[in-house]
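One-letter residues, chain by chain:
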Amino acid sequence: MNQGSETTQEAMDWTKLRADFPILEQTVNGHPLVYLDNAASSQKPQVVINALRTHYERDNANVHRGIHELSNRATEAYEGARQRIAEYLNADSREEIIFTRGTTESLNLVAQTWGAENIGEGDTILLTEMEHHSNLVPWQLLVKRTGAKLEFIPVNGDDGTLDLSQLDEQLDRAKLLSFTHISNTMGSVNPATELCRRAREAGVITVVDAAQSAGHTRVDVREIGCDFLAFSGHKICGPTGIGVLYGQRELLNTMPPYQGGGEMITKVEYNESTFNEPPHKFEAGTPNVAGAAGLRTAIDYLDIIGREAIFEHDQRLAKRACEQLAEIDGIRLFGPSEGRSAVVSFVLPDAHALDLATMADQKGVALRAGHHCNQPLLAKLGVPATARASFYFYNTEAEVDRFIEVIHQVRKLFV
Ligand code: 7TS
């Protein structure tokens, strides 16, 4: 696909897409790299690397401040990226898109601004048992400050689906529901639209953690019907250090600022200030302009491939991996058997997950092992760690087979 100029048909040649990712062309420990840690961070196509380079070679300046050409170009790049992201999420307007450092900062922003204004003693914040620490700890901090409490939608054990049997009662008690769209450990795809609809009917504000979904499936904030949604650029082929918080405009208008500083004010006196309108009100200081430009390019790139096609490819690879893993005696495979995403977590009877990942690395296969920032979930499942393979569109069936081959080779060393 390279510069995004070729046809969709050609773009669907998944193997050919690999040529867009220079990092994939290397050997690691003497073996061709098989990168299966995409849930942690995705790789970057050449067009994104070029966008960062072009920004610094040609357009770099501060935004919104200058009246000179470069500052105008930087502002256009930054605000143009905001507009493009609004389209990507089908938001009503670019004013609903706030740039952050990533999902973690987006979720902290909601907890510290909307939460500070609206959560008080005795209020309930509803989460699920499968949240990444970044959608748990910010709410714990808020609870500590306010005297509110947390409640959790249960996970149905190894199957990784949510137990929604008590949802209506839980929503009746809650003021806010924050949940992950796709689990980074179980690979489950949560019914975001249904959860948001039922929350809305109960008058509960919703936050969707789209870290694992934004680059893998279509994410339409109007169709989902959420109040807030967060994602990270680096997991969707964009640069590190840039992310997004979508927030419904009426809510953003009522929220206090996040951090104080330049850009977020209209008038400053020694003892008080008036604040800018959203989204600028929530973006104090010089922003990550190059990151925004890189993220825009990543989004253009993904949209040429098509997120529906990416999701189908994810599912095909995950199914192939699960079917082959399931043949291993005594293996514990996590996540739903149907409709799962590109994340496959497992525990082998005879090899510790960390040893397995370390030895797979010796064969060039990059896996993840550990608690995946899901410590309470793993404690519930009764395992200290899982091994995890997570796929993206540049992974191939041959790589899945190589991963399985390496698992078998490594197992032989343990038994
Ligand atoms: N939410 C989910 C569901 C995630 O998977 C992650 C990162 C985050 C939030 C935080 O994203 P960040 O970009 O702000 O760090 N997940 C992982 C992972 O599974 N392995 O490393 C990071």
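Residues numbered from 1 in each chain as written. Predicted model: local features only at pLDDT ≥ 70, side-chain atom pairs only at ≥ 80, totals over all residues. Heavy atoms only, no water.

A.B. asks: Explain the site of the ligand to me, please; I cannot follow it from the model alone.
C.D. replies: The full set close to the ligand counts 16 residues, and Thr 104, Asp 209, Gln 212, Ser 232 and Arg 388 are the nearest of them. Side-chain polar atom of Gln 212 to an oxygen atom of the ligand: 2.7 Å apart, as the coordinates give it. Here Lys 235 contributes a side-chain N or O atom positioned 2.9 Å from a nitrogen atom of the ligand. Considering the ligand on its own, with 490 Å² of exposed area, one finds that the protein chains cover 87% of that surface. Looking at which domains feed residues into the shell around the ligand, each of domain 1 (14–44 + 307–414) and domain 2 (50–303) supplies at least three. (Near = heavy atom within 4 Å. Polar contact = N/O pair within 3.5 Å; in protein donor to acceptor, adjacent residues only side chain to side chain. Areas by Shrake-Rupley, 256 points an atom, 1.4 Å probe, with all protein chains shown as cover. Domains from an automatic or database assignment.)

A.B. asks: Honestly, the packing of helix α12 (residues 307–325) against helix α15 (residues 397–414) in this entry has me stumped. Any pointers?
C.D. replies: Helix packing for two helices is described by the angle between their axes and how far apart those axes are. α15 packs onto α12 with a crossing angle of 25° between their chain directions and a minimal axis gap of 10 Å. Taken together, the axis directions place α12 and α15 in an arrangement best described as roughly parallel. As for the relative orientation of α12 and α15, their crossing is right-handed in sense. Between α12 and α15, the residues in contact are Arg 316, Leu 317, Arg 320, Ala 321, Gln 324 and Leu 325 and Glu 397, Val 400, Asp 401, Phe 403 and Ile 404, respectively. When grouped by side-chain class, the residues that make up the contact of α12 with α15 number six nonpolar, one polar and four charged. (Axes fitted to C-alpha atoms, helices over the stretch in contact; angles between N-to-C directions. Helix = DSSP H or I, 4+ residues; strand = E, 2+ residues; numbered from the N terminus. Parallel < 35°, antiparallel > 145°, perpendicular 65-115°, else oblique. Left-handed = near helix turned anticlockwise from the far one by under 90°. Contact = heavy atoms within 4.5 Å. Nonpolar A, V, L, I, M, F, W, Y, C, P; charged D, E, K, R; others polar.)

A.B. asks: Which parts of the structure should I look at to understand the sheet that holds strand β17 (residues 386–390)?
C.D. replies: Sheet strands pair by backbone hydrogen bonding; their relative direction is either parallel or antiparallel. Strand order in the open sheet formed by four strands is β13-β14-β17-β16, and the pairing between neighbours is antiparallel. Unpaired on one side and paired on the other, β13 (332–334) and β16 (368–370) mark the two borders of the sheet. Across the sheet, the axes of successive neighbouring strands diverge by a mean angle of 25°, strand direction being ignored. As defined by bridge partners, β16 adjoins β17 across three bridges and the pair is classed as antiparallel. Its bridge partner lying in β17, Ala 369 is registered against Ala 387. Strand contacts of α12: β13 and β14 (343–347), with the helix running at about 15° to β14, the strand carrying the most contacts. On the sheet, helix α13 (residues 353–362) packs against β14, β16 and β17 and is oriented at approximately 160° with respect to β16. (Pairing = 2+ DSSP bridges.)

A.B. asks: Help me out: how do you make sense of the pattern of salt bridges in this one?
C.D. replies: A side chain with one charge may pair with a side chain of the opposite charge, provided their charged atoms come close. One pass over the full model with this rule turns up 33 salt bridges. Note that Glu 399 is salt-bridged to Arg 18, the shortest N-O span being 3.0 Å. Within this pair, whereas Glu 399 is found in helix α15, its partner Arg 18 is found in the loop between α2 (14–17) and β1 (27–28), the two being separated by 381 residues in sequence. The class of Arg 18 is buried, set by a relative accessible area of 16%. (Salt bridge = Lys/Arg side-chain N within 4 Å of Asp/Glu carboxyl O. Buried < 20%, exposed > 50% of the residue type's maximum accessible area, 1.4 Å probe, protein only.)

A.B. asks: Help me out: how do you make sense of the pairing of strand β5 (residues 124–128) in this one?
C.D. replies: Along a regular strand, successive side chains alternate from one face of the sheet to the other. Most of β5 is tucked away: five of the five residues are buried. Neither face of β5 is exposed, since Thr 124, Leu 126 and Thr 128 on one face and Ile 125 and Leu 127 on the opposite face are all buried. When β5 meets strand β6 (residues 149–153), the two strands line up parallel, connected through five bridges. Looking at β6, one finds that Thr 124 is bridged to Lys 149.

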